[in-house]
There are 2 protein chains.
Amino acid sequence: MSPSSSSSRKEIRDLCVKSLDEKMVGTTEKNIENGNGFYQYFFTNFPDLRVYFKGAEKYTGEDVKKSERFDKQGQRILLACHLLANVFDNEEVFKAYVRETINRHRIYKMDPALWMAFFTVFTGYLNSTGSLTDEQRAAWMSLGKEFNEESQLHLKNSNLPYVH
Amino acid sequence: MSPSSSSSRKEIRDLCVKSLDEKMVGTTEKNIENGNGFYQYFFTNFPDLRVYFKGAEKYTGEDVKKSERFDKQGQRILLACHLLANVFDNEEVFKAYVRETINRHRIYKMDPALWMAFFTVFTGYLNSTGSLTDEQRAAWMSLGKEFNEESQLHLKNSNLPYVH
């Protein structure tokens, strides 16, 4: 599989990693907010998808901001994005991490179309804080395209609903 | 926190990543065996630790080899090692992945001393197939030392048993 643009995997990796400089994971208040902030953005802009968060189906962005659950969930999803970015130039490791992510989400019975949609949401979040260049967005969408291709293949191979 | 030897994080990263060249994750028979093989080595050489694998407490290496459970578990642990190696030069991402790993293992109530011990087992596995240089082993033990430091700090901060 080749990257979907003329950029090399290493260039895409570096652009994505760089775009996360101001969204570092960690244990400081700022680090925690970097992750929680993703869910504030998500719940505010994509309220229909709150249905996947049992008990938080009616949360507003303000509710998310005060929620310890979304402090933790925010770190988890932000870490996943850092890992995806950092290993993008190690293709087999990247694809293995995609499959692992799909396996861990099996219990949530997600619409398989959401795996590609995630990258629109995530780049929207990065952009909402003014830190995403056009080149970085394109890099994330290239990464997302490969993420999605491996996701759908793995869903198919696992006899689960997938996008053709 | 500085690396424990005079090698830079990037050098340690590259040595660890290189040591996994012949232990790639993936979906081929060889890839699956790369992960299952770790547990064959583990169960054969550290039988006392089988107690953490419910239902497999008396498995021999041969039992592991035939086990689909350990095909899957093998991919998971091998992927974790690839991720740790690949992101070692991104210190905050590395430490966040360590904490995430600790969180996911909370339910198993492991002896906290096992987090450092793991790297003796893992390098033993890599060495058992003849593919580990002394320099690569030292790099893995440096990585393991930092893994363990972040583990024990996180266990302490989580009010769980930890090694002083």
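The model shown is predicted, which means the values in this text are computed figures rather than measured ones. (Residues numbered from 1 in each chain as written. Chains lettered and ligands numbered in written order. Predicted model: local features only at pLDDT ≥ 70, side-chain atom pairs only at ≥ 80, totals over all residues. Heavy atoms only, no water.)

(A) Representation of the interface of chain A and chain B within the structure. Contacts between the two partners involve 19 residues from chain A, matched on the other side by 19 residues from chain B. Of the roughly 1700 Å² buried where chain A meets chain B, counting both sides, 68% is carbon and sulfur surface. The largest contributions to the chain A side of the interface with chain B come from L79, L83 and V93 of chain A, which together make up 25% of the buried area. The interface formed by chain A and chain B contains zero salt bridges. Counting across the interface, chain A meets chain B through two residue pairs in polar contact (both at pLDDT 80 or more). Secondary structure elements with two or more residues in the side of chain A that touches chain B: α4 (68-86) and α5 (91-105) of chain A. (Contact = heavy atoms within 4.5 Å. Buried area = accessible area lost by both parts, 1.4 Å probe. Salt bridge = Lys/Arg side-chain N within 4 Å of Asp/Glu carboxyl O. Polar contact = N/O pair within 3.5 Å; in protein donor to acceptor, adjacent residues only side chain to side chain. Helix = DSSP H or I, 4+ residues; strand = E, 2+ residues; numbered from the N terminus.)

(B) Focus on the relation of the copies chain A and chain B. Once turned by 180 degrees and shifted 0.0 Å along the axis, chain A lies on chain B with an RMSD of 0.0 Å. The transformation just described matches what one would write down for a two-fold rotation axis. Here 100% of the interface residues in chain A have copies in chain B that are interface residues too; the copies meet face to matching face. (Least-squares fit on C-alpha atoms with pLDDT ≥ 70 in both.)

(C) Local environment of the nonpolar core. If you look at the biggest cluster of nonpolar residues, it comprises 93 residues, and the most contacted ones within it are F122 and W140 of chain A together with F122 and W140 of chain B. Sequence-distant contacts of W140 of chain A, that is, excluding residues within four places in its chain, are made with C16, S19, L20, C81, A85, F119, F122, T123, L126 and L132 of chain A. (Core = buried A, V, L, I, M, F, W, Y, C linked by side-chain atoms within 4.5 Å. Buried < 20%, exposed > 50% of the residue type's maximum accessible area, 1.4 Å probe, protein only.)

(D) Spatial organisation of the environment of C16 of chain B. Residue and element names in this part refer to chain B. Here C16 shows up in helix α1 (residues 9-19). A relative accessible area of 0% means that C16 is categorised as buried. It is 13 Å that separates the C-alpha atoms of C16 and L78, two residues lying 62 residues apart in sequence. Setting aside anything within four residues of it in sequence, one finds C16 in contact with A85, A139, W140 and L143.

(E) Structural detail: the UniProt feature "domain: Globin" (unreviewed entry) in chain A. Here the UniProt feature "domain: Globin" (unreviewed entry) sits at residues 16-156 of chain A. From the first C-alpha to the last, residues 16-156 of chain A spans 28 Å; its make-up is 70% helix and 0% strand. (UniProt positions renumbered as here; feature names shortened; annotations may be inferred.)

(F) Region of the structure containing unusual backbone geometry. Residue and element names in this part refer to chain A. Its identity as a non-glycine residue notwithstanding, K109 has a phi of 45 degrees, on the positive side. In this structure, N159 is a non-glycine residue whose phi angle is positive, near 55 degrees. Looking at the secondary structure, you find N159 in the segment after α7 (134-157). Under the relative-accessibility criterion, N159 is labelled exposed at 73%.

(G) Quick peek at the UniProt feature "binding site: heme" (unreviewed entry) in chain A. Residues and elements named next belong to chain A. Mapped onto this structure's residue numbering, the UniProt feature "binding site: heme" (unreviewed entry) falls at H105. Assignment of secondary structure puts H105 in helix α5. The class of H105 is partly exposed, set by a relative accessible area of 29%. Apart from the residues within four sequence positions on either side, H105 is in contact with M110 and W115.

(H) Quick peek at the packing of aromatic side chains. All names here are of chain A. Evaluation of the coordinates by the stated rule reveals 48 aromatic pairs over all chains. Ring geometry for Y39 versus F70: centroids 5.2 Å apart, planes at 55 degrees, classification tilted. Of this pair, Y39 sits in helix α2 (residues 29-45) while F70 is found in helix α4, placing the two residues 31 residues apart along the sequence. By relative accessible area, F70 is classed as buried at 0%. (Phe/Tyr/Trp six-rings, centres within 6.5 Å; stacked < 30°, edge-to-face > 60°.)

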